[in-house]
Amino acid sequence: MKTIWKYGIDITNELYITMPYDTRILSVHLQYGKPCIWAIIYDDKEIKMVSRKFRWFGTGHPIPEGEKLIYIGTVLMQNDSLVFHLFEVL
């Protein structure tokens, strides 16, 4: 069976989230002013948990070379004056 889970996250340089290994990230958005990740969880089998690493980058901030990053999404905060982009680090 599949379900959608929500993970509340902070805006920090890097963060780790423990989730089932085969979780598929759907999106990142604000809910009540706080960033959240929504993901599909496949919970019809024994769940192996893993820690996944994510990084935020502000618009105009440098992105380091050599890291393999997968874009997740963008959030706008404080009346759209702050824009942050979330990537998963592979």
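Not measured: the values here are computed from a predicted model.

**Overview of the overall build of the protein**
Part 1 of the reasoning: Across its full length, the protein carries zero helices and seven strands.
Part 2 of the reasoning: In sequence order, the secondary structure elements of the protein are arranged as β-β-β-β-β-β-β.
Part 3 of the reasoning: In the protein, buried positions account for 37% of the 90 residues.
Part 4 of the reasoning: In the protein, the share of contacts with a sequence separation of at least 24, taken over all contacts with a separation of at least 6, comes to 62%.
Part 5 of the reasoning: Summed over its atoms, the accessible surface of the protein is roughly 5,800 Å², and 54% of this surface lies on carbon and sulfur atoms.
Part 6 of the reasoning: For the protein, the centre of its 10 positive side-chain charges and the centre of its 10 negative side-chain charges are spaced 2 Å apart.

**Comments concerning the packing of aromatic side chains**
Part 1 of the reasoning: A full pass over the atoms with the stated rule returns four aromatic pairs.
Part 2 of the reasoning: On the basis of an interplanar angle of 70° and a centroid distance of 5.7 Å, the ring pair of phenylalanine 57 and phenylalanine 87 is categorised as edge-to-face. Remark: phenylalanine 87 occurs in strand β7 (residues 82-89) and phenylalanine 57 occurs in strand β5 (residues 49-58); sequence separation between them is 30 residues. Assigned by exposure class, phenylalanine 57 and phenylalanine 87 land together as buried.

**A closer look at the nonpolar core**
Part 1 of the reasoning: Among the nonpolar cores identified, the biggest contains 17 residues, and Ile9, Ile17, Val28, Ile37, Phe54, Trp56 and Leu86 are the most heavily contacted of them.
Part 2 of the reasoning: Broken down by secondary-structure element, the contributors of at least two residues to this core are β2 (14-20), β3 (24-31), β4 (34-42), β5, β6 (69-77) and β7.
Part 3 of the reasoning: Setting aside residues up to four positions removed in sequence, isoleucine 37 forms contacts with Trp5, Lys6, Tyr7, Ile9, Ile17, Ile25, Ser27, Val28, Phe54 and Leu86.

What counts and what doesn't
Residues numbered from 1 in each chain as written. Predicted model: local features only at pLDDT ≥ 70, side-chain atom pairs only at ≥ 80, totals over all residues. Heavy atoms only, no water. Helix = DSSP H or I, 4+ residues; strand = E, 2+ residues; numbered from the N terminus. Buried < 20%, exposed > 50% of the residue type's maximum accessible area, 1.4 Å probe, protein only. Contact = heavy atoms within 4.5 Å. Areas by Shrake-Rupley, 256 points an atom, 1.4 Å probe, with all protein chains shown as cover. Lys, Arg positive; Asp, Glu negative; His and termini not counted. Charge placed at Lys NZ, Arg CZ, Asp CG, Glu CD. Phe/Tyr/Trp six-rings, centres within 6.5 Å; stacked < 30°, edge-to-face > 60°. Core = buried A, V, L, I, M, F, W, Y, C linked by side-chain atoms within 4.5 Å.

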